[in-house]
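In case you want the letters, here they are:
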Amino acid sequence: MALHISAASMFLLAIAASATSASIKQDYPADEGDQASSNDNLIFDDYRGKGCVDDSGFVYKLEERFFPGHSNCPCVCTEDGPVCDQPECPKIHPKCTKVEHNGCCPECKEVKNFCEYHGKTYKILEEFKPSPCEWCRCEPSNEVHCVVADCAVPECVNPVYEPEQCCPVCKNGPNCFAGTTIIPAGIEVKVDDCNICHCHNGDWWKPAQCSKRECHGKQNL
């Protein structure tokens, strides 16, 4: 009889210990996994069809105009979400010295109003001659356009360049070579006792035409 009571007592003690352990477990906070599963049940506001939310979480009403983030291009809140302006901005002039970014597109406020050419500056539409053979103009585009003179072939074999003149000039008129002698064009010249020469008509760079005459002991040209 004593053995039967002892076994029953042990059984009751085991049940009490199990109940105590279960009650202690319930006093501990939930672990991270339990917290994550509980967060999944949170309900967030849904603004679809009611408004628009920007990157900072600010809510805009339908038809309200706003600028998202750091953009200077405006957006309008619609039921389908923000509809933003995306214009094709004009290119900024490469010589623009002042650009403003207040609007949706950058805008050039100041362009260099002069041209630079060979280290010198010229006003817009100013004409100048950097050399005797060049005629230049400063265009509104801040670019310099030049025209170079095309000189005609001189009608002499000894042209000279005068100061401030582009093309060479024949100071003594047209001429040509007769051997090593320069003779004027348009007349026959007796270059020695044996030869009379004259220049080709229009071909001043060619040697003179010479005709020989009887001479004594002298070579012809």
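The structure this text deals with has already been given above.
Criteria and cut-off values
- Residues numbered from 1 in each chain as written.
- Predicted model: local features only at pLDDT ≥ 70, side-chain atom pairs only at ≥ 80, totals over all residues.
- Heavy atoms only, no water.
- Helix = DSSP H or I, 4+ residues; strand = E, 2+ residues; numbered from the N terminus.
- Contact = heavy atoms within 4.5 Å.
- Core = buried A, V, L, I, M, F, W, Y, C linked by side-chain atoms within 4.5 Å.
- Buried < 20%, exposed > 50% of the residue type's maximum accessible area, 1.4 Å probe, protein only.
- Disulfide = S-S within 2.5 Å.
- Pairing = 2+ DSSP bridges.
- Phe/Tyr/Trp six-rings, centres within 6.5 Å; stacked < 30°, edge-to-face > 60°.

Side note on the overall build of the protein chain
Looking only at helices and strands, the protein chain has two helices and 17 strands in total. Considering only contacts within the protein chain whose residues lie at least 6 apart along the sequence, 22% involve residues at least 24 apart.

Here's the deal with the nonpolar core
Counting residues in hydrophobic clusters, the biggest one holds eight residues: Cys176, Ala178, Ile183, Val189, Cys197, Cys199, Trp204 and Ala208. The residues touching cysteine 197, leaving out its near neighbours within four places in the chain, are Ala178, Ile183, Ile187, Glu188, Val189, Val191, Ala208, Gln209 and Cys210. Counting seven residues, the second-largest nonpolar core is a separate cluster that includes Cys115, Tyr117, Tyr122 and Cys138.

Quick look at the state of the cysteines
What the rule picks out here adds up to 12 disulfides. Covalent S-S linkage joins cysteine 73 and cysteine 104, the inter-sulfur distance amounting to 1.9 Å. Judged by the torsion about the S-S bond (95°), the cysteine 73/cysteine 104 disulfide is right-handed. On the criterion of sequence distance, the pair formed by cysteine 73 in the loop between β3 (65-66) and β4 (75-78) and cysteine 104 in the loop between β6 (96-100) and β7 (107-111) is long-range, its members being 31 residues apart. Cysteine 176 shares a disulfide with cysteine 199; S-S distance 2.1 Å. An S-S torsion of about -95° defines the bridge between cysteine 176 and cysteine 199 as left-handed. Of this pair, cysteine 176 sits in strand β13 (residues 175-178) while cysteine 199 is found in the loop between β16 (195-198) and β17 (209-212), placing the two residues 23 residues apart along the sequence. Considered together, cysteine 176 and cysteine 199 belong to a single accessibility category, that of buried residues.

Some remarks on the pairing of β13
Examined bridge by bridge, β13 and strand β14 (residues 181-184) share four bridges and lie antiparallel to one another. By the bridge assignment for β14, alanine 178 is matched with threonine 181. Count of turn residues in the β13/β14 antiparallel hairpin: two residues, of which glycine 179 carries a positive phi of about 70°.

Let's talk about the packing of aromatic side chains
For the coordinates displayed, the defined rule picks out four aromatic pairs. Aromatic pair tyrosine 122 and phenylalanine 128: ring centres 3.5 Å apart, planes at 5°, arrangement stacked. Residue phenylalanine 128 is classed as buried on the basis of its relative accessible area, which comes to 8%.

Some words on the sheet that holds β17
The sheet built from three strands is open, its strands ordered β15-β16-β17 with antiparallel pairing. The sheet terminates laterally at β15 (189-190) and β17, the two strands that pair on one side only. Pairing geometry for β15 and β16, over two bridges, is antiparallel. Counterpart to lysine 190 in the pairing with β16 is isoleucine 196.

Side note on unusual backbone geometry
Unusually for a residue other than glycine, leucine 125 sits at a positive phi of about 70°. Tracing the sequence through the fold places leucine 125 in the loop between β9 (120-123) and β10 (127-128). The backbone of glutamate 164 sits at a positive phi, close to 65°, despite the residue not being glycine. Its place among the elements puts glutamate 164 in the loop between β12 (144-148) and β13. Given the relative accessible area of 73%, glutamate 164 is considered exposed.

Focus on the side chain of asparagine 175
When you line up the elements, asparagine 175 lands in strand β13. Here asparagine 175 is in contact with Glu155, Cys156, Val157, Asn158, Ile182, Ile183, Pro184, Ala185, Cys199 and Trp204, once residues within four sequence places are set aside.

In short, shape yes, function no, at least from these values alone.
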